[in-house]
Amino acid sequence: MRKIITGAALVLTTALLTGCGSDDSPAATAPADKPATSAQPKAKAGDGGGEVKHEVTLEVLGTGTTSVYYNLDTNKMEQVQLPWKKTSTITLTTDAEKKVGLGVSVVPGSVTGSDGMLHAAPCVITVDGKKVADNQDGKSDKMCEYKVK
């Protein structure tokens with residue numbers, strides 16, 4: 001158990017440190033007489049480098065009540081009545097968010113299937129009206145997750 005916790009802490013620390021850094025960019029260290037090259041993607045014409053907004057909807061289908069854990073504009077666990085839906089506008093403001101993406105997810109609770117057994121409730125994620133993730137109508141035991149870019 002200690003190895004799992006230590007490994008998880010190491011992964012989390014690495015992820016956090018990857019996003020942090022100092023001003024060691026080529027532009028900051030390049031000599032004044034040489035132009036700096038950038039590993040950052042160039043802004044597209046008309047992009048302006050501003051905010052990018054996406055409407056994201058999380059859904060858990062089925063009947064009855066279940067627990068739902070989601071990561072959207074906030075992280076939360078709720079006991080909900082099915083079918084359940086939550087929609088939010090996700091705003092990407094940094095170059096890192098636009099390049100790597102911002103993770104959204106929903107972990108559906110269990111519902112009783114037609115065979116009388118408990119199964120994961122079906123879940124779906126849509127971004128700007130387009131379905132981008134699902135758990136195969138509850139046939140997969142995986143959560144629904146997607147990186148909004």
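Details of the structure are given in the entry above.
The structure reproduced in this document is the subject of the present report.

Criteria and thresholds
- Residues numbered from 1 in each chain as written.
- Predicted model: local features only at pLDDT ≥ 70, side-chain atom pairs only at ≥ 80, totals over all residues.
- Heavy atoms only, no water.
- Helix = DSSP H or I, 4+ residues; strand = E, 2+ residues; numbered from the N terminus.
- Buried < 20%, exposed > 50% of the residue type's maximum accessible area, 1.4 Å probe, protein only.
- Contact = heavy atoms within 4.5 Å.
- Polar contact = N/O pair within 3.5 Å; in protein donor to acceptor, adjacent residues only side chain to side chain.
- Lys, Arg positive; Asp, Glu negative; His and termini not counted.
- Salt bridge = Lys/Arg side-chain N within 4 Å of Asp/Glu carboxyl O.
- Phe/Tyr/Trp six-rings, centres within 6.5 Å; stacked < 30°, edge-to-face > 60°.

Take the overall build of the protein chain next. The helix and strand tally for the protein chain stands at three helices and eight strands. Ordered by position from N to C terminus, the α and β elements of the protein chain give α-α-β-β-α-β-β-β-β-β-β. Sorting the 149 residues of the protein chain into buried and exposed places 25% on the buried side. Here the analysis covers contacts within the protein chain between residues at least 6 apart in sequence; of these, 53% occur between residues at least 24 apart.

With that out of the way, let us pick up the side chain of Asn135. Locating Asn135 in the fold gives a position in the loop between β7 (130–134) and β8 (144–148). A distance of 3.0 Å separates the side chain of Asn135 from the backbone oxygen of Ala121, its partner in a polar contact. Setting aside residues up to four positions removed in sequence, Asn135 forms contacts with Pro108, Ala120, Ala121, Pro122, Cys123, Ser140, Lys142 and Cys144.

This part takes up the side chain of Lys98. When you line up the elements, Lys98 lands in helix α3 (residues 95–100). With no salt bridge to any partner, buried Lys98 finds its closest opposite charge in Asp95, at an N-O distance of 4.5 Å. Here Gly50 takes part through its backbone oxygen, which lies 2.3 Å from a polar atom of the side chain of Lys98.

What follows deals with unusual backbone geometry. Between Leu82 and Pro83 the backbone carries a cis peptide bond, its omega angle lying at -5°. Mapped onto the fold, Pro83 is located in strand β2 (residues 75–92). In this structure, Asp128 takes a positive phi of about 50° despite not being glycine. Within the secondary structure layout, Asp128 lies in the loop between β6 (123–127) and β7. Residue classification places Asp128 among the partly exposed positions, given a relative accessible area of 46%. Located in the positive-phi region is Asp137, a residue other than glycine, with phi close to 60°. On the secondary structure map, Asp137 appears in the loop between β7 and β8.

Turning next to the pattern of salt bridges. Under the counting rule described, the total for this entry stands at two salt bridges. The partner of Lys131 in a salt bridge is Asp134, and the shortest N-O contact between them spans 3.1 Å.

This part is about the environment of Leu82. Structurally, the position occupied by Leu82 is in strand β2. When near neighbours in sequence (up to four residues on either side) are disregarded, Leu82 contacts Val60, Leu61, Gly62, Thr63, Gly64, Thr66, Val111 and Ala121.

Scanning all chains against the criterion turns up one aromatic pair. Between the aromatic rings of Tyr70 and Trp84, the centroid separation amounts to 5.4 Å while the plane-to-plane angle is 40°, which identifies the pairing as tilted. Separated by 14 residues along the polypeptide, Tyr70 in strand β1 (residues 52–71) and Trp84 in strand β2 bring together distant segments of the chain. Classification of Tyr70 by relative accessible area gives buried; the value is 1%. Residue classification places Trp84 among the buried residues on the basis of a relative accessible area of 10%.

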